[in-house]
Amino acid sequence: MPTFKYKILEFSPDQKMEKAFNDLGKEGWELVSVTPIGLKVEGYTDTTLGYGGGESSGKFEKIAAYFKKQV
């Protein structure tokens, strides 16, 4: 049965990661998944009329890339 080791890279959405991913691929690392993390939410709530309301917005500040490599 194969055994794997894993690596997680975190980067900002504006970073160009193609070279880093290609370099890891040359070392035998396989990209498994990329997912947004680190959500920053801004907004407000208002309960002056007895019920909740408000506005919010957000964006992801980080992205995580998950790699695996057979050992």
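That block above? That's the structure.
What counts and how
Residues numbered from 1 in each chain as written. Predicted model: local features only at pLDDT ≥ 70, side-chain atom pairs only at ≥ 80, totals over all residues. Heavy atoms only, no water. Helix = DSSP H or I, 4+ residues; strand = E, 2+ residues; numbered from the N terminus. Rg over C-alpha atoms; globule rule 2.2 N^0.38 Å. Contact = heavy atoms within 4.5 Å. Core = buried A, V, L, I, M, F, W, Y, C linked by side-chain atoms within 4.5 Å. Buried < 20%, exposed > 50% of the residue type's maximum accessible area, 1.4 Å probe, protein only. Phe/Tyr/Trp six-rings, centres within 6.5 Å; stacked < 30°, edge-to-face > 60°.

With that settled, the discussion passes to the overall build of the protein. Secondary structure summary: the protein contains one helix and three strands in total. Secondary structure of the protein in N-to-C order comes out as β-α-β-β. The C-alpha radius of gyration computed for the protein amounts to 19 Å, which surpasses the reference 11 Å derived for 71 residues by more than 25%, pointing to a less compact arrangement than a globule. The dimensions of the protein, computed from C-alpha atoms along their principal axes, are 60 × 30 × 10 Å. Nonlocal contacts in the protein, meaning residues at least 24 apart in sequence, comprise 68% of its contacts between residues at least 6 apart.

Attention now moves to the nonpolar core. Phe11, Met17, Phe21, Leu24, Trp29, Ile63, Ala65 and Phe67 form the largest nonpolar core, which has eight residues in total. At the level of elements, α1 (18-26) and β3 (53-70) are the ones that each hand at least two residues to this core. Considering each element in turn, this core owes the most residues, three residues, to β3. The residues touching phenylalanine 67, leaving out its near neighbours within four places in the chain, are Lys5, Tyr6, Lys7, Leu9, Phe21, Leu24, Trp29, Glu30, Leu31 and Val32.

Attention shifts here to the packing of aromatic side chains. Considering all chains together, one arrives at two aromatic pairs under this definition. Summarising the aromatic geometry, the rings of phenylalanine 11 and phenylalanine 21 are spaced 5.9 Å apart at their centres and angled 75° between planes, so their arrangement reads as edge-to-face. With a gap of ten residues between them, phenylalanine 11 in strand β1 (residues 4-11) and phenylalanine 21 in helix α1 connect regions that are remote in the sequence. Comparing phenylalanine 11 with phenylalanine 21 shows no difference in burial state: the two are buried. Seen in terms of ring centroids, phenylalanine 21 and phenylalanine 67 are 5.4 Å apart; in terms of plane orientation they differ by 70°. Their pairing is edge-to-face.

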